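Close look at the chain arrangement
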Amino acid sequence: HPRHHHASQITHHIALQHIPTSSIMRSILPLASLPLLVVLCLAIQGKSAVAAPFIRRHANVPRGGSTNDGVVTVTVGSDATQQEDDNDNDNNGDDNNADASKDDPFIFSLFQPGDGSESDRDGIPNRFLRMQKGNRMKALTAMQDTLAWREEFGVDSILSQPHPKFLQCKSILPHAFLGRDPTDHVIFAQRPGMTDLDGAHTNDVSTQDLLRHYVYVLEYCWNVVEPRPDQTMTSILDMQGVQFSLLRQRELVGFIKQFVNMMSKHYPQRSHKTLMLNAPRWFGTLFSLFKPLLRESTKAKIQIFSASQTAQQRDVLVEILGEEGFAAWEQWCRTDSSDETETAAEASADSESSSAPPTSTSYISTMEQALHQFCEDQLAQSQQPMLQVVAQ
């Protein structure tokens, strides 16, 4: 870690713990960010094919290490000369990043003030330690994986860059911020059953574009809307339209695998409550089969309601979201079925003619409107140099 690379050698003795075969499920299911059936089937199929490589950029941490009676010895920076060279390179990179951050207020790193990394001896944020139940070696590896992923995909600077396909991505994957619940958690709603991959093909929006869009939205959430490092989110998943046949769509399944892998590895411990609404009848039966695999804390976060439980569904939504949050949810659902679910082609035409947010006839929360305005401002700013050249 850059905060500790002045030390030539750091050795940790960490007890090696057995990792159960159901660990993949346990890491994915707490998120409940997509229809559980799909997530469970993907977990059974195995790991995601897009796992980021382990790149030892900030600390020379080997995968294995020597073992002695069940204890793993992990040596950081075993070669002093190489470590000095790496430190010089890292210092230069860190200085460049620091200069860029001063020039652009929308460049954010993995580390946030108050996330525990300042006081941790290895600079590990609390969320990664909690994710790995205090296992320091696994938490350090997870943090390094995330640092490598953020560097590879330019996540730190994603909010400083224009997002010209913002409206198209929102029309392909309907989702929105609805404000905050009574306990001050951000409310994020999604309608996975209304995913429009045909619209993605029409408008040349790839699955990588959709993944990058979600990263853009999440980075905006955790750095602009809610920068407190240990805050969590209340998620609503309206499963109306989710059918078993979705599993036969290879492109969609591939996207979900990448999305789940990204969420579970790089945005851990961000779930407060997850409400699954209008679940198909077969969904509850399937969930009950896998429920014993979940931790009690995870079970407490997930609530599933079938389409027939209209009254109970409403009562729980009012209780968890509050009156304002529930009103925002109802308004968004009504307009999302008409205005916001315009075809991706229409969204593309709108974005080409104007970068304005959706029309006033569609409901948009203050928080969501701020995101649209932010995206519009970044796009306009990126186009300014070109306009100046044209004017000259």
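Remember, predicted model here, so these are calculated numbers, not experimental data. Counting of residues starts from 1 at the beginning of each chain's written sequence and follows it residue by residue. pLDDT decides what is reported in this predicted model: residues at 70 or higher carry local features, side-chain atom pairs at 80 or more are listed and counted, and totals for whole chains, interfaces and linings draw on all residues regardless. Water and hydrogen atoms were dropped before computing side-chain values, which therefore reflect all heavy atoms in the structure.

1. Quick word on helix H9 (residues 250–266)
How we decide: Per the convention used, a helix needs a DSSP run of H or I reaching at least four residues, while a strand needs a run of E reaching at least two, with both numbered from the N terminus. Multiplying one less than the number of residues by 1.5 Å gives the expected span of a helix. The buried label applies to any residue whose accessible area, calculated with a 1.4 Å probe on protein chains only, is under 20% of its type's maximum; exposed applies above 50%, and partly exposed to all values in between.
In this model, H9 (17 residues) spans 24 Å end to end at C-alpha, consistent with the 24 Å of a helix rising 1.5 Å per residue. Of all 17 residues in H9, 13 are buried, a share of seventy percent or more.

2. A closer look at the packing of aromatic side chains
Short version of the rule: Stacked, tilted and edge-to-face are the three classes assigned to paired rings of Phe, Tyr and Trp, where Trp is represented by its six-membered ring and a pair needs centres within 6.5 Å; plane angles under 30 degrees give stacked, over 60 edge-to-face, the rest tilted.
Inspection of every chain in the model, using the stated rule, returns ten aromatic pairs. Both rings, one in Trp-149 and one in Tyr-267, keep their centres 6.0 Å apart while their planes meet at 85°; by these two values the pair is edge-to-face. Note that Trp-149 is positioned in helix H5 (residues 136–153) and Tyr-267 in the loop between H9 and strand E7 (271–279), a separation of 118 residues in sequence. Considering the side-chain rings of Tyr-216 and Phe-374, the 6.4 Å spacing of their centres and the 55° angle between planes classify their relative orientation as tilted. In this pair, Tyr-216 is assigned in helix H8 (residues 207–225) and Phe-374 in helix H14 (residues 366–391), connecting sequence segments 158 residues apart. On the basis of relative accessible area, Tyr-216 is assigned to the buried category, the value being 2%.

3. Overview of the pattern of salt bridges
The cut-off we apply is this: Here, a salt bridge means any Lys or Arg side-chain nitrogen found within 4 Å of an Asp or Glu carboxyl oxygen.
Considering all chains together, one arrives at twelve salt bridges under this definition. Among the ionic pairs, Asp-120 bridges to Arg-136, the shortest N-O distance being 3.0 Å. Taken together, the residues Asp-120 in the loop between helix H3 (80–103) and helix H4 (126–131) and Arg-136 in helix H5 connect sequence positions 16 residues apart. When sorted by exposure, Asp-120 lands in the same class as Arg-136, which is buried. Three or more residues joined by partner-sharing salt bridges are found here, namely Arg-180, Asp-184, Glu-226 and Arg-228.

4. Regarding the packing of H8 against H9
What counts, and what does not: In this analysis, axes come from line fits to C-alpha atoms, helices being fitted only over the stretch in contact, and the angle between any two N-to-C directions falls in the range 0 to 180 degrees. The labels follow the angle: roughly parallel below 35 degrees, roughly antiparallel above 145, roughly perpendicular from 65 to 115, and oblique for the rest. Left-handed is the label given to a crossing in which the near helix is rotated counterclockwise from the far helix by less than a right angle, and right-handed is the label when the rotation is clockwise. In this analysis, two residues are considered to be in contact whenever any of their non-hydrogen atoms come within 4.5 Å of each other. When residue character is reported, Ala, Val, Leu, Ile, Met, Phe, Trp, Tyr, Cys and Pro are called nonpolar, Asp, Glu, Lys and Arg charged, and the others, Gly included, polar.
Where H8 contacts H9, the axes come no closer than 10 Å and their chain directions differ by 30°. In terms of their interaxial angle, H8 and H9 are classed as roughly parallel. Once H8 is placed against H9, the crossing between them reads as right-handed. Touching Thr-207, Gln-208, Leu-210, Leu-211, Tyr-214, Val-215 and Leu-218 of H8 are Glu-251, Phe-255, Gln-258, Phe-259, Met-262 and Met-263, all from H9. Of the residues contributing to the contact of H8 with H9, the split by class is nine nonpolar, three polar and one charged.

5. Re H8
Over its 19 residues, H8 runs 26 Å from end to end, which matches the ideal 27 Å to within 8%, given 1.5 Å per residue. Most of H8 is tucked away, with 15 of its 19 residues classed as buried.

6. Side note on the sheet that holds E7
Which entries qualify depends on this criterion: Each pair of strands is called paired provided DSSP finds at least two bridges between the two strands.
With mixed pairing, five strands are arranged side by side in an open sheet as E4-E5-E6-E7-E8. Only two strands of the sheet have a single neighbouring strand rather than two, namely strand E4 (175–180) and strand E8 (302–306). In this sheet, adjacent strand axes meet at a mean angle of 15° when their direction is disregarded. Of the strands in this sheet, E4, strand E5 (186–190) and strand E6 (233–238) touch H8, which is tilted by about 10° from E4.

7. Notes on the confidence of the model for the protein
We count it as follows: pLDDT runs from 0 to 100 and stands for how confident the predictor is about each residue.
Across the protein, pLDDT averages 74, with 65% of residues at or above 70. Counting interchain partners and residues more than four positions distant, the pLDDT-below-50 stretch residues 1–85 has 175 contacts. Contacts of residues 339–345 to residues separated by more than four positions or lying in other chains number 20 contacts, the stretch itself having pLDDT below 50.

8. Considerations on the nonpolar core
In plain terms, the rule: Here, the term nonpolar core denotes a set of buried Ala, Val, Leu, Ile, Met, Phe, Trp, Tyr and Cys residues that are joined through side-chain atoms within 4.5 Å.
Core analysis: the largest hydrophobic core is formed by 47 residues, its most contacted members being Phe-177, Phe-255, Met-262 and Tyr-267. Per-element accounting of this core gives the leading share, eleven residues, to H8. Residues Ala-189, Phe-305, Ile-320 and Ala-328 belong to the second largest nonpolar core, which totals 19 residues.

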